[in-house]
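Here's the letter readout for the chains.
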There are 2 protein chains.
Amino acid sequence: MFEFKIVHEKGAARTGQFKTPHGTIETPVFMPVGTKGTVKTMKPEELKEIGSQIILANTYHLYLRPGDKNIAKFGGLHKFINWKGPILTDSGGYQVFSLGLGSTNKTTDKLVKIKEDGVEFRSILDGSKHFFTPKKVMEIQHNLGADIIMAFDECPPALCSKKYAKESMERTHRWAAICKKEHAKLLKKSGKKQALFPIIQGGMFEDLRLQSTKFMSDLDLPGIAIGGLAVGEPRSTTWKIVDTIIPHLPKNKPRYIMGIGTKQDIIEAIKRGIDMFDCVLPTRLGRHGTAFTSTGNLNLKNESNKLDEKSVDPKCSCYTCKNYTRAYLRHLIMEKEILGIHLLSLHNIYFLHAVVNEEKKKILGK
Amino acid sequence: MFEFKIVHEKGAARTGQFKTPHGTIETPVFMPVGTKGTVKTMKPEELKEIGSQIILANTYHLYLRPGDKNIAKFGGLHKFINWKGPILTDSGGYQVFSLGLGSTNKTTDKLVKIKEDGVEFRSILDGSKHFFTPKKVMEIQHNLGADIIMAFDECPPALCSKKYAKESMERTHRWAAICKKEHAKLLKKSGKKQALFPIIQGGMFEDLRLQSTKFMSDLDLPGIAIGGLAVGEPRSTTWKIVDTIIPHLPKNKPRYIMGIGTKQDIIEAIKRGIDMFDCVLPTRLGRHGTAFTSTGNLNLKNESNKLDEKSVDPKCSCYTCKNYTRAYLRHLIMEKEILGIHLLSLHNIYFLHAVVNEEKKKILGK
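As a starting point, this report considers the structure included with it. (Residues numbered from 1 in each chain as written. Chains lettered and ligands numbered in written order. Predicted model: local features only at pLDDT ≥ 70, side-chain atom pairs only at ≥ 80, totals over all residues.)

## Description of the packing of helix H7 (residues 162–190) of chain B against helix H8 (residues 206–218) of chain B
Residues and elements named next belong to chain B. Here H7 crosses H8 at 5°, and the two axes come no closer than 11 Å. By the angle between their axes, H7 is roughly parallel relative to H8. Contacts between H7 and H8 pair Ala165, Lys166, Met169, His173 and Ala176 from the former with Leu208, Ser212, Phe215 and Met216 from the latter. For the contact of H7 with H8, the residue count by class is six nonpolar, two polar and one charged. (Axes fitted to C-alpha atoms, helices over the stretch in contact; angles between N-to-C directions. Helix = DSSP H or I, 4+ residues; strand = E, 2+ residues; numbered from the N terminus. Parallel < 35°, antiparallel > 145°, perpendicular 65-115°, else oblique. Contact = placed C-beta atoms within 7 Å. Nonpolar A, V, L, I, M, F, W, Y, C, P; charged D, E, K, R; others polar.)

If you want it as structure tokens, here you go:
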């Protein structure tokens, strides 16, 4: 379990296979986000049909509601949400900070208090107080039972000082080591099969990123993630950081870049040898009436779509594009009809899977 | 086209077949409502899969947005909304009044002015002024191109005086005659195939209802509808009125009772020899987290569902009941997740189709 096999390579790019308890993931792979245990609007069968292999769910949200212990009573997240494929849960680290802090390193914010042993935060739902430690986050993710779980990390703001980035990174390293130990203990106890991925941090500072890459690689876990990017910095900085990291990553382990997922970002990531990526954009944009297309984003609300008989993207062969005109989709979106949001979300996820498939073909030389 | 064949009878109840340009409808039939050109949350394929044979759409809403003339440019409503089965459009009469008046017969309301030749009303969307005449309503419904279209009627409030009910009914009779004439003219011009159904009115007054039944039956159109019921009167009154009407209806034509659609109402209607019914309840209740079940309505929001591993209705075999627990559906509804609304809407429509199928079996003696 959790072996990663590289199948084809072209330059730094590669295709691979990652074995999980709920099936083998063919990489590179775009992972749709199902924050609260549902990829917004999508039935599991629809996800499968459009080629989604693995979905994400959020520890922070599911811990608060309906509660990880309640989900465990139903035999874990797969059964609770009726998704038979692999699942990855994030660690809640990103949410604890992004929902509590702004884009500065002001850690005195009322909603979040960072301590050596963990983070105190207030629920965005009811203001109740909670405390996440590395051990607690492992326990929650064991209760949820995803195939891939993430180490608890602090995701510092893009604009933080080097001093703060270093402090934060070192704490994240100590937390990752605790997570590894606690995870092993919980696995032994439960007999479950879950892969833990650590998360490289270090802000926008190349030397810190190198330190973090070395530390996390040395933990020798089944995969490795790059966190703390796409948090407000210019994309040129994002890729400079990634380029710093990549040569120092273990080659034979899946590499996951967190929170990345536009067409251009996916192409850039795959080119550099990244294997996994996730993003909320397909469903978030769908909800707001925007569709990805091969010629850029299309805002269905625009008057120009009112009598447009074309599909969203004439080059796309998803269910939405095969069956509906821009005019009808515009009508549904203008009327706030759920079907419109659903059809656009489906198209947007399909579109990103298609982008990945195109890149795969290039790697395979097809 | 538009022949109605009675297949089986048991007492007053009957099963039948009604031929339309988009397929034969097996009656009795529950027709889900797609007000704005979408049965809320449902893909056409899902409707087909759960046994929906014909859907409704609303003239009033589609006339205002996106406009019947725009829909005509797309080859009519079937093509515009991607529904290949039969469609019925109402006449907009009910909406003009229900969205403009309260439950009294105060016709001086600012939003609606009834005149001999039609009704002036203001759009609920932007307050713009519009005038519906019987001819205009025929023209709109010809543009929409549904298989079954409805004559323009006035639907008086449940509490109106007999004097007003009579005046209103007589006007509706004159309008129905104009509709018939205009419809024939338009059919001749376009070569389209659409069946016009007139609507029996007369308020809660049995003698008026008898007059209206005679008048509308004498128009000799392919089907006939009973309107102006379930508008606030007690159900005992509803069925008393229906019982007054039924013996005087042509036997060999489909009978449609408008706006009826709970389990009990459907059973009562079928028993009396009604063939068609529609109701917005399945999707409206679904949107609010309520499911029909064989033991009554279930409000998923109730705390008691939080850890409930049962399906919504253990006796139901719809997609929702086969795949999801009450606990997960509750979670989705509490989180305002679209998938929850969708799954409950699907279940509720399926549930009413199943009620009809049960009643059919009784008629067939199975």
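What follows picks up the thread again.
## Considering the sheet that holds strand S2 (residues 13–20) of chain B
Residues and elements named next belong to chain B. If you walk across this open sheet you meet the three strands as S1-S2-S3, and the pairing is antiparallel. The open sheet is flanked by strand S1 (4–10) and strand S3 (23–27), the only strands paired with a single partner. Put simply, the sheet's adjacent strands are angled 10° from each other on average, direction ignored. The sheet contacts of helix H14 (residues 338–363) involve S1 and S2, and relative to S2 the element is tilted by about 115°. (Pairing = 2+ DSSP bridges.)

## Looking at the interface of chain A and chain B
Contact residues are listed per partner, giving 32 residues for chain A and 32 residues for chain B. Listed by contribution, the elements that provide at least two residues to the side of chain A that touches chain B are helix H3 (68–73), helix H4 (77–81), helix H13 (326–334) and helix H14 (338–364) of chain A. Among the elements that take part in the side of chain A that touches chain B, H13(A) stands out by supplying five residues, more than any other. The residue makeup of the side of chain A that touches chain B, split by class, is 14 nonpolar, nine polar and nine charged.

## Remarks on the packing of helix H13 (residues 326–334) of chain B against H14(B)
Residues and elements named next belong to chain B. In contact at an axis separation of 7 Å, H13 and H14 are set at 125° when each is read in the N-to-C sense. If you check the angle between H13 and H14, you find them oblique. For the pair H13 and H14, the sense of crossing is left-handed. Counted together, Leu329, Leu332 and Ile333 of H13 and Leu339, Gly340, Leu343 and Leu344 of H14 form the full contact between these two elements. (Left-handed = near helix turned anticlockwise from the far one by under 90°.)

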